[in-house]
Amino acid sequence: METFETIFSRVSTRDFNDKEVSAELIERILQAGMSAPVGRARYDTLHITVVKDKAFLDGVTELAKDTSPRARAPFYGAKTLIVVSSKMSESPAIEYSNVACVIENMALAARALGVASVYLWAFVKPLESAPALLAKLSLPEGFTPVSALAIGYSDTPLGVFDKPRHSIEVNRI
Ligand SMILES: Cc1cc2nc3c(=O)[nH]c(=O)nc-3n(C[C@H](O)[C@H](O)[C@H](O)COP(=O)(O)O)c2cc1C
């Protein structure tokens, strides 16, 4: 896909089917995440976990089941979750920007590869009160999960767009 077509065609998917993303495509998506800009180039403050563990996905789904009105939240049936964690004390809130850059790069790469995705934030909070589930992530000491990208496929074909689907107000000075 051409770069702008990829950017315009990235869309959140919330109806994943059971088809798995291949190891090769996951690797490409991770490489895109690792190419993101990170404040002061502190890539060592970030950690990526590829989650396929059904017990983890089902456990968090059970925990979060009353926190969203959306069907099949928080993972919408996705079989693969890419969790991005960070050390949390480098500079106020910079970790959220770093993680967002990594996740957006992965979302764009996924779209270019025909893989559906959705940026996920809401599942992290309920996880805080479930240390046994959190431990399943096997994070290195000092890392906290911040957000994730769920990836997979959908029976609904991904659209191709040649212009933005959303707008943000702009002023010029
Ligand atoms: C920081 C952030 C957190 C998000 N958290 C969630 C989430 O927890 N659950 C969810 O279904 N979508 C989540 N989204 C996806 C947004 O709802 C979605 O990007 C937005 O509605 C625009 O739709 P689009 O992605 O299809 O263009 C999140 C997106 C961002 C950037």
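See the structure above.
Now for a look at the structure at hand. All chains use their own residue numbering, which begins from 1 and follows the written sequence. Only residues with pLDDT of at least 70 get local features here, since the model is predicted, and only at 80 or more are side-chain atom pairs given and counted; chain-wide, interface and lining totals rely on the full set of residues. To obtain the side-chain values, all non-hydrogen atoms of the structure were included, while hydrogens and water were left out.

Next up on the list: the sheet that holds strand S1 (residues 46-51). Following DSSP output, two strands are said to pair if at least two bridges run between them. The helix count covers DSSP runs of H or I at least four residues long, the strand count covers runs of E at least two residues long, and both are numbered beginning at the N terminus. Read from one edge to the other, the open sheet built from four strands follows the order S1-S2-S4-S3, with strand pairing classed as antiparallel. The open sheet has two edge strands with one neighbour each: S1 and strand S3 (116-120). The average angle at which neighbouring strand axes cross in this sheet is 20°, direction not considered. Sheet topology places strand S2 (residues 80-86) next to strand S4 (residues 144-152); seven bridges connect them, and they run antiparallel. Opposite Val83, over in S4, you have Ala148 as the bridge partner. Working rule for contacts: check all heavy atoms of both residues, and any pair within 4.5 Å makes them a contact. In this analysis, axes come from line fits to C-alpha atoms, helices being fitted only over the stretch in contact, and the angle between any two N-to-C directions falls in the range 0 to 180 degrees. Those strands touched by helix H2 (residues 23-34) are S1, S2 and S4, and its axis lies near 165° from that of S1. Running over the sheet, helix H4 (residues 94-112) touches S1, S2, S3 and S4 and is turned about 10° from S4.

Counting residues in each nonpolar core, the largest one holds 22 residues, and the members touching the most others are Phe56, Leu81, Leu120 and Phe123. Secondary-structure elements contributing two or more residues to this core are helix H3 (54-63), S2, S3, helix H5 (124-128) and S4. Residues within four places of Leu120 in sequence aside, it is in contact with Pro74, Phe75, Tyr76, Leu81, Ser147, Ala148 and Ala150. Counting 20 residues, the second-largest nonpolar core is a separate cluster that includes Leu46, Val99, Ile103 and Val146. As used in this record, nonpolar core signifies buried Ala, Val, Leu, Ile, Met, Phe, Trp, Tyr and Cys residues forming a set joined through side-chain atoms within 4.5 Å. When accessible area is computed with a 1.4 Å probe and restricted to protein chains, residues below 20% of their type maximum are described as buried, those above 50% as exposed, and intermediate ones as partly exposed.

Right, let's get into the pairing of S2. Burial within S2 is extensive, with seven of its seven residues counted as buried. Alternating residues of S2 divide into Thr80, Ile82, Val84 and Ser86 and Leu81, Val83 and Ser85, and every residue in both groups is buried. Looking at chain direction, S1 and S2 are connected through six bridges and run antiparallel. Bridge assignment links His47 to a residue of S2, and that residue is Ser85.

Further remarks concern the site of the ligand. Near is defined per residue: the residue qualifies when any heavy atom it owns lies within 4 Å of the molecule or strand. For the ligand, the set of nearby residues contains 13 residues, the closest of which are Arg10, Ser12, Arg14, Tyr76 and His166. In the complex, 66% of the free accessible area of the ligand, which totals 620 Å², lies under the protein chains. The class makeup of the residues in the shell around the ligand is seven nonpolar, two polar and four charged. To be clear on the numbers: accessible area is Shrake-Rupley with a 1.4 Å probe, and residue cover counts the displayed protein chains and nothing else. When residues are sorted by character, Ala, Val, Leu, Ile, Met, Phe, Trp, Tyr, Cys and Pro go into the nonpolar class, Asp, Glu, Lys and Arg into the charged class, and all the rest, Gly among them, into the polar class.

What follows deals with the environment of Val170. The topology assignment puts Val170 in the segment after S4. For Val170, a relative accessible area of 56% translates into the label exposed. The spatial distance from the C-alpha of Val170 to the C-alpha of Trp121 is 26 Å, given a sequence separation of 49 residues.

Let us look at the environment of Ala150. In this structure, Ala150 sits in strand S4. With a relative accessible area of 0%, Ala150 lands in the buried category. Taking the C-alpha atoms as reference points, Ala150 and Ile168, 18 residues apart in sequence, are found 25 Å from one another. Those residues in contact with Ala150 that sit more than four places away from it in its chain are Phe16, Ala78, Thr80, Leu81, Ala116, Ser117, Val118 and Leu120.

We now examine the side chain of Ser85. Tracing the backbone through its elements, the reader meets Ser85 in strand S2. A relative accessible area of 0% places Ser85 in the buried class. For Ser85, the contacting residues outside a window of four places in its chain are Thr45, Leu46, His47, Leu139, Phe143, Thr144, Pro145 and Val146.

Another point: H2. Over its twelve residues, H2 runs 16 Å from end to end, which matches the ideal 16 Å to within 8%, given 1.5 Å per residue. Buried-residue contacts for H2 involve S1, S2, H4 and S4. Helix span, expected: 1.5 Å multiplied by one less than the number of residues in the helix.

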